[in-house]
Amino acid sequence: MSIVFRIQIIEDSPEAQDLIRRCLRSDFDLSVADTGADGVRQVVSHVPDLILLDVGLPDEDGFDVCARIRSHQALESVPLIFLSGRGDAHDKVKAFKLGADDYVQKPFDGTELRARIEARLRHANRENRQLHFSDLRLDPLQLEVVIRAEDREWACDLTPHEFRLLHCLASRRGEPVSREGLIEFAWAGVTISARTVDTHMSNLRAKLAPLGGLLESVRGVGYRLAKPASG
C-alpha cells in the first residue's frame with residue numbers, strides 16, 4: 001500500500017490555488033486555508049507531510065505564520081515551501097532563517113513546483129519522517145511499527161487505519177488528540193462515528209501489547225500516546 005502525502009496549502013489567491021491543484025492533480029491529499037490563522041489551526045490539528053505557504057496573506061505576514069508553525073514540536077521538521085511574488089535576496093534569507101526548505105517565486109511553473117515538492121518529500125521521508133522512541137519505531141513509508149520491550153523487538157501487524165491512528169498520536173506524543181482529529185487523519189473525507197474510533201483503538205491496544213497501556217483515553221477529548229515512565 002502506498003502513502004498518499006498530505007499537503008497543506010496556505011494561500012489566499014484563487015488563481016494560485018487552482019494552479020497548485022492542477023499541477024498536483026489527484027496524486028496528493030490537499031487541504032487549503034485562505035488565511036494564516038486558519039492555516040496554523042489546520043496544521044496543528046492535522047500534521048501534514050508538506051506545507052505550501054504564501055508570504056502575502058490577508059490577515060498576517062507569511063513569515064510570522066512560519067515562525068508560529070515552527071514553534072510546534074510536531075511541525076519542526078515538516079517540509080515548508082514559501083510562495084511569494086517578492087524575489088529579493090533579503091526575503092529569501094529571512095525565509096530560510098525561519099526554517100523554510102525552499103522558496104518559489106510567483107508566477108511559478110506548475111511542473112517545476114511539483115518537482116520541488118516531490119524532491120522535498122523524498123528528502124523528508126528519507127531523513128526525518130520515521131518516528132523513533134525508546135519503545136516504538138514507526139516508518140510511514142513501509143507502514144511498519146516495531147515494538148521494543150523486555151530486551152527484544154518485533155514488528156507489529158497493523159491495518160492501514162490502525163497505523164494512521166498510531167502515527168497521528170505518535171507525531172504528537174504526550175498531547176491529547178480529539179476523536180474528530182483522529183477521524184480526519186485516518187479516514188479523511190469519510191464520515192464515521194466516534195464508536196468506530198473507539199473500536200479501532202481497542203484493537204490497537206491489544207496489538208501493541210505489552211505497550212497497549214500507553215494508549216490512554218482522555219475523558220471528554222479523545223486519546224493520547226503517553227510517554228513511558230522512564231522518559
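Rules and cut-offs
- Residues numbered from 1 in each chain as written.
- Predicted model: local features only at pLDDT ≥ 70, side-chain atom pairs only at ≥ 80, totals over all residues.
- Heavy atoms only, no water.
- Pairing = 2+ DSSP bridges.
- Helix = DSSP H or I, 4+ residues; strand = E, 2+ residues; numbered from the N terminus.
- Buried < 20%, exposed > 50% of the residue type's maximum accessible area, 1.4 Å probe, protein only.
- Arc of directions from axis to C-beta.
- Axes fitted to C-alpha atoms, helices over the stretch in contact; angles between N-to-C directions.

1. Thoughts on the sheet that holds strand 8 (residues 144-149)
Here's step 1: Taking strand neighbours across the sheet as the criterion, the 4 strands line up as 6-7-8-9 in an open arrangement whose pairing is antiparallel. Strands at the two margins of the open sheet, each flanked by one partner only, are strand 6 (131-132) and strand 9 (152-156).
Here's step 2: Bridge count between strand 8 and strand 9: 5 bridges; the pairing is antiparallel. The residue of strand 9 that forms the bridge with Arg148 is Glu153.

2. A closer look at helix 1 (residues 14-24)
Here's step 1: For helix 1, the complete set of buried residues consists of Ala16, Gln17, Ile20, Cys23 and Leu24. End-on view of helix 1: buried residues confined to an arc of 135 degrees, all on one side of the axis. For helix 1, the exposed residues set more than 90 degrees away from the buried face come down to Pro14, Glu15 and Arg22.
Here's step 2: Directly after helix 1, the chain includes Arg25, whose backbone phi takes a positive value near 50 degrees.

3. Notes on the sheet that holds strand 3 (residues 50-54)
Here's step 1: The 5 strands lie next to each other as 2-1-3-4-5, forming an open sheet whose pairing is parallel. The sheet is open, and its two edges are formed by strand 2 (29-33) and strand 5 (102-105), each paired on a single side. Across the sheet, the mean angle separating the axes of adjacent strands is 20 degrees when strand polarity is ignored.

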